[in-house]
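Structure at a glance
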Amino acid sequence: MRKYITKRLIMLVPVLLGVSIIVFAVMRAFTADPAASILGQHATSAQIAELRNKLGLNDPIYVQYWNYFKGMIRGDLGTSLFTQTKVTDELLGRFPATAELAISAIIFASIFGVLVGVISAVKKNTALDYAGMFGALIGVSIPIFWLGIMLIILFGVILGWLPVSGRLDILMTPPKITGFLLIDTLITGNIDMFFDALAHLVLPTVALGMYSTAIIARMTRSSVLETLQQDYIRTAWAKGLAEKAVVIRHALRNALIPVATVIGLQLGSLLGGAVLTETVFAWPGIGKYTVDAITKSDYPVVQGAVLLVAFIFVTVNLVVDVLYAFLDPRIKYS
Amino acid sequence: MSDSIKKSSPAADAWHVLKQSKSAMLGLIIIVFLFLLALGGKLILPHDPYIGSMAENFQPPSAAHWMGTDELGRDILSRIIDGTRISLRVGIVSVLAALVVGTALGATAAYYGKRVDMIIMRFMDMMLAIPDILLAIAIMAALGPGIDKAIIAISFVTIPQYARIVRGCVLSVKESDYIAAARLVGNKDWRIIARHILPNVASAIIVRSTLGISSAILDAAALGFLGLGVQPPYAEWGTMLGSGRLYIFNAPYIVVFPGLAITITVLAFNLFGDGLRDALDPKGKIR
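The residue numbering used here restarts from 1 in each chain and proceeds along that chain's sequence as written. Here chains are named by letter from A upward and ligands by number from 1 upward, in the order in which they appear as written. The predicted nature of this model means local features are confined to residues of pLDDT at least 70 and side-chain atom pairs, given and counted, to a pLDDT of 80 or more, with totals for whole chains, interfaces and linings taken over all residues. Calculated side-chain values reflect all of the structure's heavy atoms, with hydrogen atoms and water omitted.

Looking now at the overall build of chain B. By the criteria applied, helices consist of DSSP H or I runs no shorter than four residues and strands consist of E runs no shorter than two, each listed in order from the N terminus. On a plain count of helices and strands, chain B comes out with 11 helices and 0 strands. Put simply, chain B runs from its N terminus to its C terminus through helices and strands in the order α-α-α-α-α-α-α-α-α-α-α. Exposure is judged per residue with a 1.4 Å probe applied to protein chains only, and the accessible area is read against the type maximum: over 50% gives exposed, under 20% gives buried, and values in between give partly exposed. Residue burial in chain B is summarised as follows: out of 287 residues, 53% are buried. Note that accessible areas follow from Shrake-Rupley with a 1.4 Å probe, and for residues the cover is restricted to the protein chains shown. About 13500 Å² of surface is accessible on chain B, with carbon and sulfur atoms providing 67% of the total.

This is the structure in structure tokens:
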């Protein structure tokens, strides 16, 4: 097991290196002259040339990459072209907001996805099953950002039940410990602020988690259905066990193994969806920061953000693979 | 009896199964309707989708404007009809492009194996390490906005999906006797791949592509929404949502209908794609 994990960790290195090359190449090969966009329309060509020189944009592309690479292994992702702040600091500062949203969305999706999937499987070919699976189909078809806007209109504008933008009431100053508002407010015992943060989290969580909920529900349904046909389930029925015991104790435990993988994979893709959700809900995380940077062609920021997300994505997938081995002792890794 | 035996072909069999599925047929009917709208929509446009009058802006749905008017007084229904063409084009062209490149890469990797396989597939793994929409956003940020660029970005990020499927399928048929026979009679590699291997993996590719169209339409809408895809005044549904978002507090209908159009279109391709999968590729059912 330890050998397998070590091997996987070593394999991470070329993948991340490759990702950094792809992202670097994409950003540099096509981006319009960043020097020109920083200086604006009224800059003279001499000013642009000077800035290009200062930013190292006149060096050959491999020299530029090498310089970037040297910084990257020290954890330095460059400097924002506009705010002159360190990209790494900006990203790490915003990471907890994105992580809190993504974790909250995956918890929501896991609970509701498994619930809908199990009910659909147990009540196969009934109205309940059809409703659940039709809902899941809508869930994979609806654009995240539109769902977000519809939730804002319904719960924010029409009903006025929930806040629709940001992480916290603007008049509240959050404690800064971990950056995870729910945790920080609990540690400091600030219950009002905790519930305010929780209320802000509800709509973005539903919007971001809906797609994953649907995928998990579909996967759970087919996995439970398959498990219910196994011989040991027939034995469990034959022993005269109640339906609840058969489904929960015998079928679900085995059926959830493939579901666990899907949940892990969804956590990665949520990071992509977070870009859209954060834009809709003005959620101050990495996604919104990236979109704002794109409109200003602040390429070190875009580059750093994509790299960070890819890094998290790959790491999460590794963790899922390892957890998989604990869940299912039949899987042998070498 | 003899009639049915004569008629039986893989395509006819699949159609027979597909016909039984009500949801797949519903998807197909919607898709046909959307294609008709895309091709002949211009003939039935109630108003000009690009010219409105400021005197008529922000009108809620009425008899004259079934879906209301937008911030520039343009008829939303006309814009949605016109947008059908753009969304279908982005969806289909980007899938076709990704399919061609992905199939070529996947087939090459599987057929030649060893180092070729390793280099191609490691590259695909690296691309898969970046969430699709994020890589598409990065490419659009670099390329600049526009419909053709959106197609390039979306097809580029989805290439690995097709490469992987084709590689897997080719690997499974590569060692068959009929391929060895084709080689023995002196066929060239590319001819064996094109004539003997690819037709055998076609069903998996068709299923993936149909479902791929729905995700391509979603991605294109997302890019448009972020202001990176198709640019105004073009009536791309995502772009309409992006510019209409500013007015949700006083004119929510501006964002309701374009989103509905995206959802219905994506739903139709998902319904049809799921049905196709059951008909063509029963093994692929549990993904």
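Moving on, there is more to tell.
Quick look at the overall build of chain A now. Of regular secondary structure, chain A possesses 13 helices and 0 strands. Order of helices (α) and strands (β) in chain A, N terminus to C terminus: α-α-α-α-α-α-α-α-α-α-α-α-α. For chain A, the C-alpha atoms occupy an extent of roughly 85 × 55 × 40 Å along the three principal directions. The buried share among the 334 residues of chain A stands at 49%. Between two residues, a contact is recorded if the distance between any of their heavy atoms is within 4.5 Å. Long-range pairs, those at least 24 residues apart, make up 72% of the contacts in chain A with a sequence separation of at least 6. Within the structure as shown, chain A displays about 16500 Å² of accessible surface, and the carbon and sulfur contribution to it stands at 66%. Taken together, the 26 basic and 20 acidic charged side chains of chain A have centroids lying 11 Å from each other. Positive charges come from Lys and Arg alone, negative charges from Asp and Glu alone, with His and the N- and C-terminal ends not counted. Taken as the charge centre is NZ of Lys, CZ of Arg, CG of Asp or CD of Glu, depending on the residue.

Taken together, the contacts link 43 residues of chain A with 40 residues of chain B. Here the quantity called buried area is the accessible surface, traced with a 1.4 Å probe, that two parts lose on coming together, added over both. Each partner contributes to the roughly 3700 Å² buried at the junction of chain A and chain B, and carbon and sulfur atoms together form 84% of this total. Looking at the side of chain A facing chain B, the largest losses of area belong to Ile22, Phe145 and Trp146 of chain A, adding up to 16% of the total buried there. Salt bridge, as used here, is a side-chain nitrogen of Lys or Arg placed within 4 Å of a carboxyl oxygen of Asp or Glu. Counting across the chain A and chain B interface gives 1 salt bridge. A salt bridge links Asp274 of chain B to Arg218 of chain A, with the shortest nitrogen-to-oxygen separation between them at 2.4 Å. Whenever a nitrogen or oxygen atom comes within 3.5 Å of another N or O atom, the pair is scored as a polar contact, on the condition that within protein one atom can donate a hydrogen and the other can accept it, and that pairs from neighbouring residues in sequence are kept only if both atoms are in side chains. The interface formed by chain A and chain B includes 4 residue pairs in polar contact (both at pLDDT 80 or more). Elements represented by at least two residues in the side of chain A that touches chain B include exactly helix 1 (2–30), helix 6 (127–141), helix 7 (144–158), helix 9 (191–228), helix 11 (243–281), helix 12 (286–295) and helix 13 (299–327) of chain A. No other element matches helix 1 of chain A, which puts 9 residues into the side of chain A that touches chain B.

What is meant by a nonpolar core is a set of buried Ala, Val, Leu, Ile, Met, Phe, Trp, Tyr and Cys residues, joined one to another through side-chain atoms within 4.5 Å. Counting residues in hydrophobic clusters, the biggest one holds 151 residues, and the most contacted among them are Val19 and Phe145 of chain A. Among the elements that make up this core, the one with the highest residue count is helix 9 (residues 189–225) of chain B (17 residues). For the domains described, the bounds stem from an automatic or database domain assignment. Per-domain counts for this core show at least three residues from each of domain 1 (2–72) and domain 2 (95–327) of chain A. For Val19 of chain A, the contacting residues outside a window of four places in its chain are Leu307 and Ala310 of chain A together with Met126, Ala129 and Ile130 of chain B. Counting 16 residues, the second-largest nonpolar core is a separate cluster that includes Leu101, Leu181, Leu182 and Phe194 of chain A.

Moving on to the environment of Ile119 of chain A. Residue and element names in this part refer to chain A. Within the secondary structure, Ile119 sits in helix 5 (residues 87–122). Taking the relative accessible area as the measure of exposure, Ile119 reaches 37% and is therefore partly exposed. Sequence-wise, Ile119 and Phe195 are 76 residues apart; in three dimensions their C-alpha atoms are separated by 31 Å.

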